[in-house]
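Letter by letter, the chains look like this.
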Amino acid sequence: MKKTYQTILKNNTYTIPENCLAIKTIDMHTGGEPLRVIIDGFPELKGNSVLEYRRYIKEHYDYLRTALMFEPRGHADMYGCILLPPNDDEADFGILFMHNEGYSTMCGHAIIAVTTLAVKMNWITLKEGENELKIDAPCGRIHSYATIKDGELTGVHFHCVPSFVVGLDRVVSVPTIGEVTYDLAYGGAFYAYVDLRKNKNINLTLTPEDNRMIIQTGRAIKHAVMAQDNEILHPFEDDLSFLYGTIFIDTSLEAQNHSRNVCVFAEGEVDRSPTGSGVSGRIAIEKARNQIKKGQEISIESITNSIFKGSLVDELDFSKFKAVIPQVEGTAYITGTNTFIIDPNDPMKNGFILR
């Protein structure tokens, strides 16, 4: 055996230089959609609420978002989160989401993944049956539930913030496409929902083969809606008043499922999952159309054929809106652990994107 190889076997632990920043993460996926959970090494964020933390990180540490989400450590469709103190003692912890464009207000796939991680890491004291986590997101408090049977995790679901429809069957003119009919709804974030079954002029299949065209079309619709629609307004928080993405809807590929969702969000990211906040908005739309009843469950596919189950838990008045409390269920897995090194001498330390 060569001497060099023998040395490699003995000396395979890298000592991180003192001038470098080391950030530890646990990487996961929910329905194929990645989640990089930052657990150690990130500078302390100042504030008294998740929304204040969100403002602070945008002003002071946005370069670390790009370092962890962009290449060479991530990619154009990477997604991440930081766990933070809760807004008050009634919640377990806070969470801040990040992606290629900035910081989203709600992320269902991340809630499912972090709830799974809380069980796997013994962050909570578990009991048989349903275990509740109260998680403060930028959009408000999320109630998440981990079901334990015989000591094993058998299911995760969450109840989203009040979700509501702003308008049904709105029409926008989109360059190169023409008129597009969409629904505007909120499920922790605002989306323009475009049902391809109503928009025959959009020639898309919601499959990986059309991924590039899905991105291009989704971005065009998003920008057209943003330019025209002046009702993308949260009734209580200005920080939540923006259009996050476009969600395309079509017939499911599997007959037992209700429909298919493909979401284009942020700066042209395609969600590999059916989109938790998007499914929350879908439940509000289905209720507004009288196509779902309390307790009824629907299964929604993603571009990777993964499934989220959505249902209607409750109804309530939310400012001027008739809102619903949706439930979304999915499955997450741990894919690895990382210690990322931010070397101050690296000219690409803050990351880059090639699309």
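Our structure's up above, just so we're on the same page.
Criteria and thresholds
Residues numbered from 1 in each chain as written. Predicted model: local features only at pLDDT ≥ 70, side-chain atom pairs only at ≥ 80, totals over all residues. Heavy atoms only, no water. Phe/Tyr/Trp six-rings, centres within 6.5 Å; stacked < 30°, edge-to-face > 60°. Helix = DSSP H or I, 4+ residues; strand = E, 2+ residues; numbered from the N terminus. Buried < 20%, exposed > 50% of the residue type's maximum accessible area, 1.4 Å probe, protein only. Lys NZ or Arg CZ within 6 Å of the ring centre and 35° of its normal. Expected span 1.5 Å × (residues − 1). Contact = heavy atoms within 4.5 Å. Salt bridge = Lys/Arg side-chain N within 4 Å of Asp/Glu carboxyl O. Pairing = 2+ DSSP bridges. Right-handed = clockwise from strand over helix to strand, strands pointing away. Polar contact = N/O pair within 3.5 Å; in protein donor to acceptor, adjacent residues only side chain to side chain. Core = buried A, V, L, I, M, F, W, Y, C linked by side-chain atoms within 4.5 Å. 1 Å grid on protein atoms, 1.4 Å probe; cavity = no way out; pocket = protein on both sides within 12 Å on 5 of 7 lines; lining within 4 Å. Points joined across faces, edges and corners; volume = space filled by probe spheres on them. Nonpolar A, V, L, I, M, F, W, Y, C, P; charged D, E, K, R; others polar.

Draft legend 1. The packing of aromatic side chains, seen in detail. A complete count under the given rule lists 14 aromatic pairs for this structure. On the numbers, 5.3 Å between centres and 45° between planes, the contact of Tyr 244 with Phe 265 is tilted. Placement of Tyr 244 in strand β11 (residues 243-250) and of Phe 265 in strand β12 (residues 259-265) is noted, with a sequence separation of 21 residues between them. Each of the two residues, Tyr 244 as well as Phe 265, counts as buried. Connected via pairs of aromatic rings, a cluster forms that spans Tyr 79, Tyr 191, Tyr 193, Phe 242, Tyr 244 and Phe 265. Here Arg 65 stacks its cationic end above the ring of Tyr 103, 5.6 Å away from the centre of that ring.

Draft legend 2. Highlighting helix α5 (residues 211-228). With 18 residues, α5 should reach 26 Å at 1.5 Å per residue; the first-to-last C-alpha distance of 26 Å fits that figure. When we look at burial in α5, the residues that qualify are Ile 214, Ile 215, Thr 217, Gly 218, Ile 221, Lys 222, Ala 224 and Val 225. Summarising the contacts, the buried residues of α5 are in contact with β8 (164-174), β9 (178-186), β10 (190-195), β11, β12 and β13 (269-270).

Draft legend 3. Broad picture of the pattern of salt bridges. Inspection of every chain in the model, using the stated rule, returns 18 salt bridges. Salt-bridge contacts for Arg 36 lead to Asp 27; the nearest nitrogen and oxygen are separated by 3.0 Å. The residues Arg 36 and Asp 27 share a single accessibility class, namely buried. Across the pair Glu 315 and Lys 287 runs a salt bridge whose closest N-O atoms are separated by 3.5 Å. Separated by 28 residues along the polypeptide, Glu 315 in strand β15 (residues 307-318) and Lys 287 in helix α6 (residues 276-288) bring together distant segments of the chain. By relative accessible area, which is 23% here, Lys 287 ends up partly exposed.

Draft legend 4. Quick peek at unusual backbone geometry. Omega for the peptide link from Glu 71 to Pro 72 comes to 5°, which places this bond in the cis form. Relative to the assigned elements, Pro 72 resides in the loop between α3 (62-69) and β3 (80-84). At Asp 150, a position not held by glycine, the phi torsion is positive, near 55°. A positive phi is found at Asn 290, a non-glycine position, where the angle reads about 55°. Along the chain, the position of Asn 290 falls in the loop between α6 and β14 (297-301). For Asn 290, a relative accessible area of 67% puts it in the exposed group.

Draft legend 5. Focus on the pairing of β10. Buried residues dominate β10, accounting for 6 of its 6 residues. Neither face of β10 is left uncovered, since the one carrying Phe 190, Ala 192 and Val 194 and the one carrying Tyr 191, Tyr 193 and Asp 195 both have all their residues buried. The turn joining β9 and β10, which pair antiparallel and follow one another in sequence, is formed by 3 residues; a positive phi near 100° is taken by Gly 188. In terms of strand pairing, β10 meets β11 through 6 bridges, oriented parallel. When the sheet's bridge partners are listed, Val 194 is paired in β11 with Phe 248. Taking the sense of rotation as the criterion, the β-α-β connection linking β10, α5 and β11 turns out right-handed.

Draft legend 6. Geometry of the side chain of Asn 261. On the secondary structure map, Asn 261 appears in strand β12. Its relative accessible area of 0% is what places Asn 261 among the buried residues. One polar contact links the side chain of Asn 261 to the main-chain carbonyl oxygen of Pro 274, over a distance of 3.3 Å. Contact partners of Asn 261, with chain neighbours within four places excluded, come to Ile 247, Phe 248, Ile 249, Pro 274, Gly 278, Val 279, Arg 282, Ile 300, Glu 301, Ser 302 and Ile 303.

Draft legend 7. A look at the nonpolar core. Ranked by internal contacts, the top residues of the largest apolar core, which has 86 residues, are Phe 97, Ile 142 and Phe 248. Looking at which element gives the most residues to this core, the answer is helix α4 (residues 108-120), with 8 residues. Membership of the second largest hydrophobic core comes to 22 residues, among which are Ile 57, Leu 68, Ile 82 and Leu 96.

Draft legend 8. Examining the layout of surface pockets more closely. One number sums up the size of the largest pocket: a volume of about 280 Å³. Considering the residues around the largest pocket, the lining is formed by 15 residues, among which Thr 116, Leu 153, Thr 154, Thr 331 and Ala 332 are closest to the centre. Residue contributions to the lining of the largest pocket peak at 5 residues, all from strand β7 (residues 152-159). Within the lining of the largest pocket, the residues separate by chemical class into 6 nonpolar, 6 polar and 3 charged.

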